[in-house]
Amino acid sequence: MFSLRQKILSRLETTDLWFLVLRVVTMLVGLAWYRLVPYDASTQFIFGLLLSGFVVYTVILYVSIFLWPGRIRTFYLVAMAVDLLFIFFLVKYVGKLQGSFFIAFYLLVGLHSFYFGPLVGLFTALAAASLYTYLYFDLGRALFPSEMFLRISFLFLIAGSFGVLSLKERRDKEKIER
């Protein structure tokens, strides 16, 4: 008889398990960051809210995936949108433009480019670039325009290269399975 753990793991492919591990690690690192980095009280409060929200929607995401594994792609697309907003608010209220949280946009673009391919990856890069550009103007243009251009350019380079790698990996897998 299967244990609950075995039933859950049997519903996920290797890539999906890595996505789950990545989210768990993100929560643990976020908790450590929350405890160790000395923000002012209001920033600490906002970071705590964002981290709590991330934990709650990650639990909802994976409960949904376990209950309806056939809809996993839809769940990941919804999670992509929520993740974009999470990163947006993290940059806006915690890290600002000079902080390092903007790097999370790169990870998100790379993951979705690899999982869904170059078209979704480029759309994700466009959405991330739009949000980041909004922050650039909203937060008072704290970076040189050339720095902003470089950061946004990397979003599209990551989307294109990971998307192409994803297509190649799928083709290679199909060749092996034939």
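Further up the page is the structure itself.
Since we're looking at a predicted model, the values are computed, not measured.

Rules and cut-offs
- Residue positions are counted from 1 within each chain, in the order its sequence is given.
- Per-residue local features are limited, in this predicted model, to residues with pLDDT of at least 70; the limit for side-chain atom pairs, both in listing and counting, is 80 or more; totals at the level of whole chains, interfaces and linings are taken over all residues.
- Side-chain measures here rest on the full set of heavy atoms in the structure, leaving out hydrogens and waters.
- We define a salt bridge as a contact between a side-chain nitrogen of Lys or Arg and a carboxyl oxygen of Asp or Glu at a distance within 4 Å.
- Where helices and strands are cited, they refer to DSSP runs of H or I of at least four residues and of E of at least two residues respectively, numbered from the N terminus.
- Relative accessibility thresholds used throughout: buried, under 20% of the residue-type maximum; exposed, over 50%; partly exposed, between the two (1.4 Å probe, protein chains only).
- Between N-to-C directions, angles cover 0 to 180 degrees, with each direction set by a line fitted to C-alpha atoms, over the stretch in contact for helices.
- For classification, angles of less than 35 degrees are called roughly parallel, those exceeding 145 degrees roughly antiparallel, those between 65 and 115 degrees roughly perpendicular, and all remaining angles oblique.
- In this scheme the crossing of two helices becomes right-handed for a clockwise turn of the near helix relative to the far one and left-handed for an anticlockwise turn of less than a right angle.
- Here a residue-residue contact requires only that any non-hydrogen atoms of the pair lie within 4.5 Å.
- Note on residue classes: Ala, Val, Leu, Ile, Met, Phe, Trp, Tyr, Cys and Pro are nonpolar, Asp, Glu, Lys and Arg are charged, and everything else, Gly too, is polar.

This next bit is on the pattern of salt bridges. Counted according to the given criterion, the structure contains 4 salt bridges. Measuring nitrogen to oxygen at the nearest pair gives 2.5 Å for the salt bridge that ties Arg 23 to Asp 83. In this pair, Arg 23 sits in helix α2 (residues 14–36) while Asp 83 sits in helix α4 (residues 72–95), placing the two residues 60 residues apart along the sequence. For the pair Arg 23 and Asp 83, a shared accessibility class is recorded, and that class is buried. Its salt-bridge partner being Lys 92, residue Asp 138 comes within 2.2 Å of it at the nearest N-O pair. With a gap of 46 residues between them, Asp 138 in helix α6 (residues 118–138) and Lys 92 in helix α4 connect regions that are remote in the sequence. What makes Asp 138 partly exposed here is its relative accessible area of 35%.

The next thing to look at is the packing of α6 against helix α7 (residues 145–177). Packing of α6 against α7 leaves a shortest axis separation of 8 Å and a crossing angle of 165°. Taken as axis vectors, α6 and α7 run roughly antiparallel relative to one another. Of the two possible hands of crossing, α6 and α7 adopt the one that is right-handed. Across the interface between the two elements, Pro 118, Gly 121, Leu 122, Ala 125, Leu 126, Ala 128, Ala 129, Tyr 132, Thr 133 and Tyr 136 from α6 touch Pro 145, Met 148, Arg 151, Ile 152, Leu 155, Phe 156, Ala 159, Gly 160, Gly 163 and Leu 167 from α7. Its residues assigned to classes, the contact of α6 with α7 shows 15 nonpolar, 4 polar and 1 charged.

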